[in-house]
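# Commentary on secondary and tertiary structure
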Amino acid sequence: MKTRTGRNRREMIVLGVIFAALFLLPLLNNNTFRLQQYEYIVAVTLVAIGLNIVVGYAGQLVLGPGGIFGIAGYAAAVFANDHPSDADLILLCLLGLVAASVAGLIIGAPALRVGGFYLGMATLAIAVIVPSVASVMNLTGASTGISLLSNLEFSPKLGGVGLYELCVGVLVIAAVWSWLLLHSRVGHRFQALANSEDLAASLGVIGFRTKLLAFVLSAWPAGVGAAIYVYTQQFFVPDSADPNLSIYVLAACIIGGVGSVLGPILGSLVVFGINEFLGGLAQWQDIVFGVLLAGFAILCPEGIVGLIDGTGTRTLTLPPALDPRRLLNTRRTAVDHGEVTPRRHRAPATTPVTLDAELAPSSRETPSLNVSRVSKTFGAVRAVDDVSLTVAPGTVHALIGSNGSGKTTVLNLISGFYRIDGGQITLGEARLDRMSAGRVAHLGIARTFQAPKLILRQTLLENVAGAASIQGGGHDLGSVLRTPAGIRAARHANEVARDALEETGLGDFAHELVARLPHGLRRLGEVARALAVSPSLLLLDEPAAGLTHSELESLDAVIRRAAARGTGVLLVEHNVPFVFRLAEEITVLHLGQVISTGTPEQIRGDDAVAEAFLGSQRELIGDVVPPPAGRISSVVKEAGRG
Amino acid sequence: MGELTVTGLRAGYGAMQVVHDVHLRLPAGEVVALVGRNGAGKTTTLQAIAGLRSGAFGGRVQLDGTDISQWSPSRMAKAGFAFVPDGHRVLVGMTVEENLRIGGFPMRRDKRALEDAHAWVVDLFPDLAVSRYRHAEQLSGGQQQMLAIGMALMCRPKFLLLDEPCGGLAPALVDRIYEVVERLAAEGQGVLVVEQDVQRAMRRSARTYVMDQGRIVIDGPSSELLGNTKILDLVRGIVDVVEGDEMTPSVS
Amino acid sequence: MDRIVINAIIAGLAVGGVYGLIAIGYTVVYNGTRIFNLAQGTLFMLGVMLSYFCLDKEHWPQWLSIIVVLAGVAAVSLIEEAVIVRPFLKRRGEGIGWFIATLAFATIIQAIVIRLYGDHPPEPVPSPLPSSPIFIGFVHFTWQQVLTLGAFVAVCVLLFWFYKVTWVGQAMRATAADREVAMLRGIDVRRISQLAFLIAGLAAGIGGYVVAPIVFSDPSIGLNYAILGFIALALGGFGSMRGAIVGALGLGVVEQVYDVYGNASYETAVSVVLLIVVLLIRPTGVFGSLKAREV
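Because the structure is a prediction, the values reported are computed rather than measured.

Rules used throughout
- Residues numbered from 1 in each chain as written.
- Chains lettered and ligands numbered in written order.
- Predicted model: local features only at pLDDT ≥ 70, side-chain atom pairs only at ≥ 80, totals over all residues.
- Helix = DSSP H or I, 4+ residues; strand = E, 2+ residues; numbered from the N terminus.
- Rg over C-alpha atoms; globule rule 2.2 N^0.38 Å.
- Buried ≥ 20, exposed ≤ 12 C-beta atoms within 10 Å, placed from the backbone.
- Contact = placed C-beta atoms within 7 Å.
- Domains from an automatic or database assignment.
- Core = buried A, V, L, I, M, F, W, Y, C linked by C-beta atoms within 7 Å.
- Pairing = 2+ DSSP bridges.
- Nonpolar A, V, L, I, M, F, W, Y, C, P; charged D, E, K, R; others polar.
- Axes fitted to C-alpha atoms, helices over the stretch in contact; angles between N-to-C directions.
- Parallel < 35°, antiparallel > 145°, perpendicular 65-115°, else oblique.
- pLDDT = per-residue confidence, 0-100.
- Expected span 1.5 Å × (residues − 1).

### Section: the overall build of chain C
Looking only at helices and strands, one finds 11 helices and 2 strands in chain C. Listed by position from the N terminus, the elements making up chain C come as α-α-α-α-β-β-α-α-α-α-α-α-α. For a compact globule of 295 residues, the expected C-alpha radius of gyration is about 19 Å, and chain C comes in at 19 Å, within 12% of that figure. In terms of overall dimensions, chain C has C-alpha extents of about 60 × 45 × 35 Å along its principal axes. For chain C, with 295 residues in total, the buried portion stands at 56%. Partitioning the intrachain contacts of chain C with sequence separation of at least 6 by distance along the chain shows that 75% fall at a separation of at least 24.

Set out below in structure tokens:
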């Protein structure tokens, strides 16, 4: 079984080998022209490393790194031309960095307000106009560009092999930086965003700000790369920032494999290696390159690294319950079809009942959730109509009703994913109904989703620890730079995550890739992730759907424990007997309205409820007395399927 | 009298098999119910029968004896098979009238047949005549569901599969839908209904199939299964089915 | 001054007609398949280059040339649908892979054209139309401009009729609204996708043919036009014909009016700045039916 730590180690080894090879390259051939070629490849590989941060880690379709490269390159070139004696490599790199950051902010701020192909086309447009504008401006030397070669005062102090090795050194630093970023709080935020904007919001990640951060961070290596280009090639012309460069860099990321540190580096070597060294076939190289890119995009979207890892040549086809488009279509009726049947798997072990202080909500005085006369209409459908309920801290309150009763809509309204049309929602003093999902999450409200939103290419532990570190204490800088405080915070997040996984009975699966886990365990994983942020209010969206009997037991135990710690729990559920065993208070919704609220006994005896909803199930409820575990196991045995 | 026969159906997603060896029979002129808890595989089964599942592993679907297992959904529509997915999905941005016309797409060359079908559908669902020029997204959930079923009926299907047609509907509308279902059966069509509400399903059908974890665990005449509390327990998720355990065996 | 502006507006409408033919290509494909076909600009370039080939190199008559051009571009468009796009249509909820694949296809076509065209600079394509402008009072325009705008208008009218009246057009609208439901109700959605690409290819071919005399035979213009066509849709609003028309004509007019007052070399940059402004103020465009954030 390929574990994540095994993969990390493999990645580092391969990177080490590549860097060693790059350092040793001059032994093969050290004539000036070749060295300049290699230095060019280093420069564009830096751009690829940068692009990978915003495209691979954060999942945003950004298509024009060449634009930033061009702006930074011209900045460095103009400076070097005007101050040839001051222009040393370090200074140029700093200048490139600053220019790239500014450009990144200015371009990113408007462009990132949109996503998908809108963003892709907008950034591509930038990549196209930078060289076209530069070729008419006098400042940038118009169509002839800026040539440092012809500037007699420009004599770089570094040269030859020394310069080359320094460039490789910069590349190594960039790779290390990218690694540190990926495995930090910031990296977790990016990956949550890449997985699903909803997931990110539920973890308190503010979408726009995070995207902008990713964009600016991705500009840094591009800026440094541009400076290296200027210093080593000693010119910068409109063609240096040709739109094709952006396409090649993007291809490098895709072919190598987005989302890992190794991917863009490997991809760059492939793409630009072909470019530089296929001299005789130069006319075919673009065609070959295009075919290669198309092939990878269609057949192998995870790139070469993905092939090696075996994480996927195809994205998994999704069952209805997990299909995002289906969820979009059925939003109004809140129909859940947890249609995935888990393969028979080892059942989660029963866990000792210890109250874990780590997972307790932070403040002793946790406030009550108060939903007051809330309504929500979608088009002509009145999904929620004048609904009120209260969840006191440390209690389990269930919200039940048939399909389309509005249960999930209420949950979405509370957690800030929908705007209410009327009424108000408060948590203690705070007005939730005016807040976005991210702000709601910051108040200590955690939620799960009907379709588990775990990051498939990570392990359970990474998912849960990632969530814990995002919402835990600590600073981004400390997390990335691995300061003592940062390391402590990361370790703490790990511990909290392990505790949460133990509580949900998933301790044995901590190092399994989520992609390999069956549906029921993923659902429990969702709950673990929600617990790991030590919420004061836990919103569970149909956590029991599709769970086996023993998984239901684990879920029951976990919820009880959370409540015992002081967390308020609002449980939206379908499974009526499960709810009747567990909840202290039940609200029954029917067609968007509350038809009854009370204790399980009260609901059982309520005629209106029986009529409207429980009708067919009424006899059932009447008969079921919460059976002790022993009784049930004498009736039912776990089937032993393979 | 014809029948839609499903034999040994296996279906899933990619490498994950979700439906195992399902056998179903939908005779013309009957209402058949398919129940089971969330996650049992009901929707996957229907999608596989309708030809939507690319991950369908195997089995056979026969319409009046003809093997339609490999047919495309559009071909099946022309042959008298209709599947209405759940969630009252209609064509947004188009009017009720246009929606119904699309329902009759396979018959577009036969103007007369189209008009007859349209008249018949409107007779079943008078609401659709009243709101014919309204845009589909402006209708209420119940009206959208009626439109979705109406669209499917435009081709005069011999066999109709409805996935949770009553989800989110008020009791009055549920009754209306079942009235139409019963009328269709009386006119000789076979209707399979996937239902959340077990008792309602059993009261309104001639035969019930109970699904759990991708298999049919019980099936039989609905009247006989009505009082079986074990089925209710099963569907409510209290118990799991055990291989070889004693549930009421299939009554054929 | 006003006269110049008015003539600039007229010129702008003609330019807008070209952008419109690209924008319509985007819209038809998007509505039929939910795919934004970035290679549309390259298809347009292909139309231009094929026109050059037929008229300038081979000196074929107009009637033959136009058939060859339309057939050629449409064929390439269909190839794209079959090889590049179809794998993604089968998988729902795919991320960005299709965008990259269409980008790759554009790169391949451009590379092939450049290879075939060789190294010589862009050349003018002969046009049968008289080049002298027509004067009505102070207003002047050329036959070429009339043809361009006329072609665009004709295509729009044809498409309106197609969508409203014909069965296939209705089927295409249905497929755009809900692909699965359309499929279940008997529509062959695969054929619909092909048809969408066919129509887009024809639109690009008409655009290239009509505009070749002005644009010269330049294989590198594909990306530029792809972006300009996109900006047109960003202005007018994605997903509707109305949006495509308003946005394209609007962009053309803004561009030509700018040329009157400003440095024409910065033309494209100004359009991009306009895009940025639109993204800041109203990302959905004038008639936007689509949340830009959800694409």
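### A few points about the overall build of chain A
Secondary structure summary: chain A contains 26 helices and 12 strands in total. Counting over 642 residues, chain A shows a buried share of 55%. Taking the intrachain contacts of chain A between residues at least 6 apart in sequence as the baseline, contacts between residues at least 24 apart amount to 75%.

### Focus: the domain arrangement of chain A
Residues and elements named next belong to chain A. The domains assigned to chain A are domain 1 (29-242) and domain 2 (350-459 + 521-635). Counting residues at the interface gives 11 residues for domain 1 and 10 residues for domain 2. At the level of elements, α7 (185-195) and α8 (197-202) are the ones that each hand at least two residues to the side of domain 1 that touches domain 2. Sorting elements by how many residues they give to the side of domain 1 that touches domain 2 places α8 first, with 4 residues.

### Structural notes on the nonpolar core
Ranked by size, the top nonpolar core spans 384 residues in total, and within it A72, A76, A227, V464 and L571 of chain A carry the most contacts. In terms of residue count, helix α8 (residues 189-215) of chain C provides more of this core than any other element does, 16 residues in total. Residue contributions to this core reach at least three from each of two domains, namely domain 1 (29-242) and domain 2 (350-459 + 521-635) of chain A. Those residues within four positions of A76 of chain A in sequence are excluded, and the remaining contacts are L92, L95, G96, A226, A227 and V230 of chain A.

### Some details on the pairing of strand β10 (residues 215-221) of chain B
Residue and element names in this part refer to chain B. Both strand β9 (residues 207-212) and β10 contribute to a ladder of 6 bridges, which runs antiparallel. Opposite M211, over in β10, you have I216 as the bridge partner. The antiparallel hairpin formed by β9 and β10 contains 2 residues in its connecting segment, where Q213 sits at a positive phi of about 50°.

### Focus: the environment of I177 of chain B
Here I177 of chain B lies in helix α7 (residues 171-186). Each C-alpha atom, one on I177 of chain B and one on L232 of chain B, is 23 Å from the other, the two residues being 55 residues apart in sequence.

### Quick look at the interface of chain B and chain C
Between chain B and chain C, the residue contacts involve 22 residues of the former and 16 residues of the latter. Those elements that place two or more of their residues in the side of chain B that touches chain C are α2 (73-79) and α3 (96-103) of chain B. Across the side of chain B that touches chain C, the residue classes break down as 13 nonpolar, 4 polar and 5 charged.

### A look at unusual backbone geometry
Of note in this structure, D21 of chain B is not a glycine but carries a positive phi near 55°. One can find D21 of chain B in strand β2 (residues 16-27).

### Topic: the sheet that holds strand β7 (residues 159-163) of chain B
Residues and elements named next belong to chain B. Strands sit in the order β6-β7-β8-β3-β9-β10 across an open sheet of 6 strands; the sheet is mixed. Each edge of the sheet is formed by a strand with only one pairing partner; in this case those strands are β6 (81-84) and β10. The average undirected angle you get between the axes of adjacent strands in this sheet is 15°. Where strand β3 (residues 31-35) and strand β8 (residues 190-195) come together, 5 bridges link them in parallel fashion. Looking at the pairing, L34 lines up with V194 of β8. Across the sheet, helix α1 (residues 42-49) touches β3, β6, β7, β8 and β9, and the angle it forms with β7 is around 150°. Where helix α6 (residues 141-153) meets the sheet, it contacts β6 and β7, and its direction lies at approximately 165° from that of β6.

### Quick notes on the pairing of β9 of chain B
Residues and elements named next belong to chain B. By the criterion of burial, β9 is predominantly enclosed, with 6 of the 6 residues buried. Residues R207, Y209 and M211 point to one face of β9 and T208, V210 and D212 to the other, with burial holding for every one of them. One ladder, built from 4 bridges, connects β3 with β9; its direction is parallel. From the neighbouring strand, A33 faces β9, where its bridge partner is T208.

### Topic: the sheet that holds strand β7 (residues 430-431) of chain A
All names here are of chain A. Spatial ordering of the open sheet is given by β4-β3-β6-β7, a layout of 4 strands whose pairing is antiparallel. Whereas interior strands pair on both sides, the edge strands pair on one side only; in this sheet they are β4 (381-391) and β7. Bridging between strand β3 (residues 369-378) and strand β6 (residues 422-427) involves 5 bridges; their strand directions are antiparallel. Within the sheet, the bridge partner assigned to S372 lies in β6 and is Q424. Of the strands in this sheet, β3, β4 and β6 are in contact with helix α15 (residues 407-414), which crosses β4 at around 65°.

### Overview of the packing of helix α6 (residues 160-182) of chain A against helix α9 (residues 207-233) of chain A
Residues and elements named next belong to chain A. Between α6 and α9, whose axes approach to 12 Å, the crossing angle comes to 180°. Comparing their axes, α9 and α6 come out roughly antiparallel. Facing α6, whose interface residues are L163, C167, V170, A174 and L181, α9 presents L217, P221, V224, I228 and T232. The residue makeup of the contact of α6 with α9, split by class, is 9 nonpolar, 1 polar and no charged.

### A short note on the confidence of the model for chain A
Residue and element names in this part refer to chain A. Scored by pLDDT, chain A has a mean of 82; 83% of the residues are at 70 or more. For the stretch residues 312-355, pLDDT sits under 50, and the model shows 119 contacts to residues farther than four places along the chain or on other chains. Scored below 50 in pLDDT, residues 614-642 shows 36 contacts in the model against residues more than four places distant or in partner chains.

### Overview of α7 of chain A
Residue pairs spaced three or four apart in an α-helix point in one direction, given the helix's 3.6 residues per turn. Residues and elements named next belong to chain A. Of all 11 residues in α7, 10 are buried, a share of seventy percent or more. Along α7, the residues that are buried comprise R185, V186, G187, H188, R189, F190, Q191, A192, L193 and A194. Of the surrounding secondary structure, the elements contacted by the buried residues of α7 are α2 (32-57), α6, α8, α9, α17 (460-471) and α18 (476-481).

### Describing the packing of helix α6 (residues 167-177) of chain C against α8 of chain C
The description of two helices packed together rests on the angle between their axes and the distance between the axes. Residues and elements named next belong to chain C. Where α6 meets α8, the axes come as close as 10 Å, and the angle between the chain directions of the two elements is 105°. With respect to α8, the element α6 is oriented roughly perpendicular. Contacts from V168, A171, M172 and T175 of α6 reach α8 at V189, I192, L195 and A196.

### Re helix α5 (residues 116-134) of chain A
Its 19 residues give α5 of chain A an end-to-end C-alpha distance of 28 Å, which sits within 8% of 27 Å, the value for a rise of 1.5 Å per residue. Across the 19 residues that make up α5 of chain A, a large majority, 16, are buried.

### What to know about the confidence of the model for chain C
Residue and element names in this part refer to chain C. Counting all residues, the mean pLDDT for chain C is 89, and 96% of those residues have values of 70 or more. Here strand β1 (residues 134-136) stands out as the element of chain C with the lowest mean pLDDT, 83, in contrast to helix α9 (residues 222-236), whose mean of 94 is the highest. Every residue in residues 291-295 is under pLDDT 50, and counting partners more than four places away or in other chains gives 12 contacts. Interface scoring of the predicted complex returns ipTM 0.92; its pTM is 0.85.

### Some remarks on the environment of G225 of chain A
All names here are of chain A. Relative to the helices and strands, G225 resides in helix α9. Residue G225 is classed as buried on the basis of its 33 C-beta neighbours within 10 Å. Along the sequence, G225 and G50 sit 175 residues apart, while their C-alpha atoms lie 9.6 Å from each other. If near-sequence neighbours (up to four positions away) are discounted, G225 is found in contact with A43, V44, L46, V47 and F69.

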